[in-house]
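Letter by letter, the chains look like this.
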Amino acid sequence: MIVDKANAALDSVYAADTPEALAKAYAAWAATYDSETASLGYLLPFLITAWVARHVQAGEGPLLDAGCGTGLSGPSLKALGYHDIAGLDLSDDMLKIAGSRNAYSELKNAMLGGPLPWPDGHFRAFFSTGVFTIGHAPASGLHELVRITRKGGHAIFTVRDQVFASGGFQAVFDELAQAQKWRPVEESPWFRCYAIGDPEALVKTFVFEVA
């Protein structure tokens, strides 16, 4: 059953305890990722476009899809008039699928938490869904994402409930605010990641303006 396969794949990526293990888990999942997450009613790659459209006008500059996976967000943003979108992901197999969607201007293999291959202030905004979650990108990765986002630009991302406190996200939020590198703009209530499966999996969307 497709839902069972999706849940097993989720368990596999959440259980990965090294970047190499995570990349291997996504390589194994890449070919069936879209259909299996769809079976769970995965909302985030599509819902994030609403926050992007609320805070960023089309044509104002490049966007970064940080942890783009198979590129599910790209076509939706392209349909809304956003044509300069870069993507990064740690999985070459996922990036290959993202490239087939013809929605991204560039795709790079990179991992959040390490250095990113763009100059200071390069992007008008970055957005990220399903990446700040169990066994994935650390909260510290936000520092580098803010570095490559221009002043007056936006940081738009989701955080899973199970890692918000344990992963030190509030501390990183406070560090960046105290260093006057960003200011809070919007924060959603906790809501479900999946419309059909895993009703206890909750995320919150955060929006900051880079200073």
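Keep in mind the model is a prediction, meaning the values are calculated, not measured.

Conventions and cut-offs
- Every chain is numbered on its own, with residues counted from 1 as its sequence reads.
- At least 70 in pLDDT is required for a residue's local features to be given in this predicted model, at least 80 for side-chain atom pairs to be given and counted, and no such filter applies to totals for whole chains, interfaces and linings, which use all residues.
- Calculated side-chain values reflect all of the structure's heavy atoms, with hydrogen atoms and water omitted.
- Think of it this way: any DSSP run of H or I at least four residues long counts as a helix, any run of E at least two long counts as a strand, and we number them from the N terminus.
- Relative accessibility decides the category of a residue: with a 1.4 Å probe and only protein chains considered, values under 20% of the type maximum give buried, values over 50% give exposed, and everything between is partly exposed.
- Note on contacts: a residue pair qualifies if any of its non-hydrogen atoms lie within 4.5 Å across the two residues.
- Using a 1.4 Å probe, accessible areas were evaluated by the Shrake-Rupley method; residue-level cover was limited to the displayed protein chains.
- Pairing between strands is defined by DSSP: at least two bridges between them are needed.
- With the strands pointing away from the viewer, any crossover whose connection runs clockwise from the first strand over the helix to the second is right-handed.
- The working definition used for a salt bridge is a side-chain nitrogen of Lys or Arg within 4 Å of a carboxyl oxygen of Asp or Glu.

J.: Tell me about the overall build of the protein, and name the residues and values.
T.: Helix and strand content of the protein: 8 helices and 8 strands. Burial analysis of the protein (211 residues in total) assigns 49% to the buried set. Relative to all contacts within the protein whose residues are 6 or more apart in sequence, the contacts with residues 24 or more apart total 71%. Only carbon and sulfur atoms are counted for the fraction: they give 54% of the accessible area of the protein, which is about 9300 Å².

J.: Describe the pairing of strand E1 (residues 63-66), and please don't skip the residues or the numbers.
T.: Taking every second residue as pointing to the same face, both faces of E1 are buried, with Leu63 and Asp65 on one and Leu64 and Ala66 on the other. Of the pairings in the sheet, the one linking E1 to strand E2 (residues 85-89) comprises 4 bridges and is parallel in character. Looking at E2, one finds that leucine 64 is bridged to alanine 86. Crossover E1 to E2 through helix H4 (residues 73-79) is right-handed. Inspection of the sheet shows E1 paired to strand E4 (residues 123-132) by 3 bridges, in the parallel sense. Within the sheet, the bridge partner assigned to leucine 63 lies in E4 and is alanine 125.

J.: Break down the pattern of salt bridges for me, citing the residues and quoting the values.
T.: Taken as a whole, this structure holds 9 salt bridges when the rule is applied. One connected set of salt bridges, linked through shared partners, spans Asp120, Glu144 and Arg147.

Without other data, these values stay purely geometric and don't point to any function.
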